[in-house]
Amino acid sequence: MYEIISSRRTPVADAKGDAATMAKTRVLIVDDHGVVRAGFRQLLESTDDLEAAGEAGTAAAALSQAATGSFDVVLLDISLPDAGVLETVSALRRKHPDLPILVVSMHAEEQYAVNLLRAGVNGFFPKAGEAKDMLQAIRTIAAGKKYISSTLAQALAMEASGGAPEPPHRQLSTREFQIFVQLAAGKTVTDIGDELCLSVKTVSTYRTRILEKMHFSRNAELTAYALRNNLMS
């Protein structure tokens, strides 16, 4: 399902020039909780091949760090105080199209991950996962591959084989899903238009399309669905 792309890492000679070593993978940690960032930093620094090269607590700070630093991976929490995850991913992709992004989330991955993968992230990791698996996920996307957990792979295989119905929100495009989440959070079409630089008419058209695809008639139903399926970021 996922093809291997050439690795971004290249061997470099050590100071004595008598051996080849691999440069450490530089990780930008983005999470609004300082304790969580400290935990991620400690985990990375316990390895020989990964390092915490920068930290940010907001989407704006993450974009600023990414613009001024040289990073190999962004470890991105799904919930930031100043922007939705899809907006953050889109902004990172515009400025840094080849920078691998691993989203970390408390949300049920089979509900959210597909839309984030469509939006351009390279992997999705549940916060309930094991530390060793997170390290492997970082190494995987740093090597130019996609990362999904075995649980998500099984869920997607079940859907593909007809063993499980595809949830309605999976029918939405990336932009539709982005607007769906904002509508579900109670934002008006004017608010959404201002944030996404879209006209009110365009957002209203998206809203109509979203309601039709999901067989709803009111925003309240979108909110109830998002809460029921753990999609609120």
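Keep in mind that what you see is a predicted model, and the values were worked out from it rather than measured.

Where strand β3 (residues 25-30) and strand β4 (residues 50-56) come together, six bridges link them in parallel fashion. The residue bridging Ile29 from the neighbouring strand is Glu55, located in β4. The β-α-β motif built from β3, the intervening helix α1 (residues 34-45) and the parallel element β4 has right-handed crossover chirality.

Even without a glycine there, the phi angle at Cys197 is positive, about 60°. Here Cys197 lies in the loop between α8 (189-196) and α9 (200-214). Take Cys197: its relative accessible area is 71%, and that puts it in the exposed class. Of note in the backbone geometry, His215 takes a positive phi value of approximately 60° without being a glycine. Note that His215 resides in the loop between α9 and α10 (219-228). When its relative accessible area of 68% is taken as the criterion, His215 is described as exposed.

Taken together, the five strands give an open sheet; going across it, the order is β4-β3-β5-β6-β7, and neighbouring strands pair in parallel fashion. Of all strands in the sheet, those with a lone pairing partner are β4 and β7 (123-126), marking the two edges. In this sheet, adjacent strand axes meet at a mean angle of 25° when their direction is disregarded. Taken together, the four bridges between strand β6 (residues 101-105) and β7 define a ladder with parallel strand orientation. Counted as the bridge partner of Val104 is Phe125 from β7. Against the sheet, α1 makes contact with β3, β4, β5 (73-77) and β6, and its axis sits at roughly 160° relative to β4, the strand it touches most.

By secondary structure assignment, the location of Glu87 is in helix α3 (residues 85-95). Reaching out from Glu87, the side chain makes a polar contact with the side chain of Gln182 at a distance of 2.6 Å. Leaving out residues up to four positions away in the same chain, Glu87 has contacts with Gln178, Gln182, Glu195 and Leu196.

Each value, and the rule that gives it
Residues numbered from 1 in each chain as written. Predicted model: local features only at pLDDT ≥ 70, side-chain atom pairs only at ≥ 80, totals over all residues. Heavy atoms only, no water. Pairing = 2+ DSSP bridges. Helix = DSSP H or I, 4+ residues; strand = E, 2+ residues; numbered from the N terminus. Right-handed = clockwise from strand over helix to strand, strands pointing away. Buried < 20%, exposed > 50% of the residue type's maximum accessible area, 1.4 Å probe, protein only. Axes fitted to C-alpha atoms, helices over the stretch in contact; angles between N-to-C directions. Contact = heavy atoms within 4.5 Å. Polar contact = N/O pair within 3.5 Å; in protein donor to acceptor, adjacent residues only side chain to side chain.

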